[in-house]
Amino acid sequence: MRPDLSGSITRATIRSPLTPLFLLTALAVGLIALMTIPREEEPQISVPMVDMIISAPGLRAADVVEQVTEPLEEIIKAIPDVEHVYSQSRDDGALVTARFNVGTDADDAILRVHEKIRANLDRIPTGVPMPLVIGRGINDVPIVTLTLSPEPWTGDVWNDTSLRMLAEELQKELIKVDDVGLTSVVGGRALEMRVEPDIHALAAYGVPLQTLVETVSQAANVNPVGIARRDGESLLVQAGDRVNALSELERLELRGADGRTVYLSDVATIRVTGAETESRVWTLDRDEEAGGFRAAPAVTVALAKRPGANAVKVAEAILARAEHLEGDLVPEGVRLEVTRNYGETANHKANELLYHLGLATVSIVILIAFAIGWREALVTLIVIPTTILLTLFASLMMGYTINRVSLFALIFSIGILVDDAIVMIENIARHWAMNDGRTKVEAAINAVSEVGNPTVIATLTVIAALLPMMFVSGLMGPYMAPIPANASAAMLFSFFVAVGIAPWLLMRIAGGVKVAAHGGGHGGADTRLGRFYRRVAGPIVAS
């Protein structure tokens, strides 16, 4: 029998000393991919959104809509790949959001918005500053949140302001961890110097309120005015000064009505306190003695990851760093709790799906052991993991991650990809059982050639059925893309493993064993499964 493509591959590999190297290489690169490929719960879908924050002092909401928002919407709608534009107008300002098509590069989207606005600044009213452009994306979502709250026994030692200061110090340390992206602090009140004017004192000293406001607002302004040279050195000259302490602000000088000097502390109360906010964060602890809940202030540090980083590895590094800081930066009496760990949940779900993938593999091996033989089952036990590991390597090369969709693709395809190996192994065992004088190597090559073309067609048919899913548009496109990509890669690898590695493995495991009758050619069926099939199918075919 003249070998076809499948038989030619088998002829080249069944006795080649390179075949075990191919097998070991496949296992090695697959294991490397399994350990390094990023793990996430969901596929990372790029749907860039760009916020434009516009300040329009003195304009009412209706005027903002007419003079600012509508012209800006027209400018943004002209940008390629912009799918929707949303806007919200209010007195003294507006917020315009542009949502781009799925798959658009986030950095490219922000750059397009900047360029388009700068090219149309003449359409924005005079007095309205350049809009603040902020990009939003899936990678802005925190993967780890750490919440600081006081222990019940500390009483009023820790308030929301002191917790905020501690959280900001913790944030500075955690952003040093590799692959940490956007970070933020939620809750608490930042410290501020608050000036509370005394109206009666202002009137008594003859200091207008507007003078006080202007003097305080300009007190902390430092502006460079030039460069001076002295003794061969270049010195930066600055005008103004910084307010570094409460006492400096209290000694700020104001001019009264008669020209006399008045200190700020004479006409106002200055104190350091927490800033006024519209939201607070609290944690509730069950109070066993009182039978209810005890509310305590809390501050949360939220940390996201960089695009393409492994959520599991980044989360583990953040938590390890946070644990190291406990007792040092985070003192006794402050509780540090992990309120969100996206890496842990992603790792748990990925491991759970990998467990089911292994369970499916073992089930197939047991079925083959009963139906064909334990040696053939042992070959299958090596072939299936090899194919899966090669598919994970291909997934890593294509830029996909381990998530519930990509692992579903592997579980979905495992029942299909094992078909190639089963067909080849069963047919080789049948040809060996013929005992027609051929060597086992020649019989194996003929067996693969006999079913090679149908196997190729079946593999290409499955790939052709899956590939159209790659061209689904909208949000579902990138969400479903791992299924056809991974399943198609698994089918291709399963074919080459079945015709290249499986015959070699079968020769090494069962090549020296005398094979019992396995059907005696094309007409016999002496096995229990064959006899059962004859009893069932015979009357149907004869009718």
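On a predicted model such as this, the values are computed, not experimentally measured, just so you know. (Residues numbered from 1 in each chain as written. Predicted model: local features only at pLDDT ≥ 70, side-chain atom pairs only at ≥ 80, totals over all residues. Heavy atoms only, no water.)

Some words on the sheet that holds strand β4 (residues 132-136)
Two strands in a sheet stick together by hydrogen bonds in their backbones, pointing the same way (parallel) or opposite ways (antiparallel).
Here's step 1: As summarised here, the arrangement of the 4 strands in space is β2-β3-β1-β4, forming an open sheet in which the pairing is antiparallel. Looking at the sheet topology across the chains shown, the edges are occupied by β2 (82-90) and β4. Averaged over all pairs of adjacent strands, the angle between strand axes in this sheet comes to 15 degrees, irrespective of strand direction.
Here's step 2: Contacting β1 (49-55), β2 and β3 (93-100), helix α3 (residues 61-77) crosses the sheet at an angle of about 165 degrees to β2. (Pairing = 2+ DSSP bridges. Helix = DSSP H or I, 4+ residues; strand = E, 2+ residues; numbered from the N terminus. Axes fitted to C-alpha atoms, helices over the stretch in contact; angles between N-to-C directions. Contact = heavy atoms within 4.5 Å.)

A word on empty space enclosed by the protein
Here's step 1: What the rule picks out here adds up to 2 cavities of 30 Å³ or more.
Here's step 2: Put simply, the largest cavity is a space of about 50 Å³.
Here's step 3: What lines the largest cavity is simply Ile37, Thr391, Leu392, Ser395, Thr401, Ile402, Ser406, Leu407, Leu410 and Asn486.
Here's step 4: When grouped by side-chain class, the residues that make up the lining of the largest cavity number 5 nonpolar, 5 polar and no charged.
Here's step 5: Space inside the second largest cavity adds up to approximately 30 Å³.
Here's step 6: Here the residues of the lining of the second largest cavity sort into 6 nonpolar, no polar and no charged. (1 Å grid on protein atoms, 1.4 Å probe; cavity = no way out; pocket = protein on both sides within 12 Å on 5 of 7 lines; lining within 4 Å. Points joined across faces, edges and corners; volume = space filled by probe spheres on them. Nonpolar A, V, L, I, M, F, W, Y, C, P; charged D, E, K, R; others polar.)

A few points about the sheet that holds strand β15 (residues 299-305)
Here's step 1: As summarised here, the arrangement of the 4 strands in space is β6-β15-β5-β16, forming an open sheet in which the pairing is antiparallel. With one partner strand each, in any of the chains shown, β6 (180-186) and β16 (334-341) form the two edges of the open sheet. Going from strand to strand, the sheet's axes swing by 20 degrees on average, the running direction of each strand aside.
Here's step 2: The pairing of β6 with β15 spans 5 bridges and is antiparallel. Bridge pairing links Val185 to Val301 in β15.

Notes on the packing of aromatic side chains
Here's step 1: Scanning the entire structure with this criterion turns up 1 aromatic pair.
Here's step 2: Centre to centre, the rings of Phe495 and Phe496 are 5.3 Å apart; their planes meet at 75 degrees, and the pair counts as edge-to-face.
Here's step 3: Given the relative accessible area of 6%, Phe495 is considered buried.
Here's step 4: For the cation-ring pair, Lys440 lies above Trp432, with the distance from its terminal atom to the ring centre recorded as 4.8 Å. (Phe/Tyr/Trp six-rings, centres within 6.5 Å; stacked < 30°, edge-to-face > 60°. Buried < 20%, exposed > 50% of the residue type's maximum accessible area, 1.4 Å probe, protein only. Lys NZ or Arg CZ within 6 Å of the ring centre and 35° of its normal.)

Comments concerning helix α14 (residues 440-466)
Here's step 1: Across its 27 residues, α14 extends 37 Å between first and last C-alpha, which sits within 8% of the 39 Å expected from 1.5 Å per residue.
Here's step 2: The largest bend along α14 measures about 45 degrees and falls at Gly452, with the proline Pro454 one to four residues further on. (Expected span 1.5 Å × (residues − 1). Bend = angle between axes of the 7 residues up to and from the residue.)

Here's the deal with the side chain of Thr273
Here's step 1: Locating Thr273 in the fold gives a position in strand β12 (residues 268-274).
Here's step 2: Ignoring anything within four residues of it in the chain, the contact list for Thr273 reads Ala190, Leu191, Glu192 and Arg194.

Some details on the pattern of salt bridges
Here's step 1: Going through the model one piece at a time under the given rule, you end up with 15 salt bridges.
Here's step 2: Its salt-bridge partner being Glu169, residue Lys172 comes within 3.6 Å of it at the nearest N-O pair. Remark: Glu169 and Lys172 occur in helix α5 (residues 160-174); sequence separation between them is 3 residues, near one turn of the helix.
Here's step 3: The partner of Lys176 in a salt bridge is Glu173, with the nearest N and O atoms 3.4 Å apart.
Here's step 4: Each of the salt bridges in this network shares a partner with another, and the network as a whole consists of Asp81, Asp108 and Arg112. (Salt bridge = Lys/Arg side-chain N within 4 Å of Asp/Glu carboxyl O.)

Bear in mind that shape data such as this cannot, by itself, settle questions of function.
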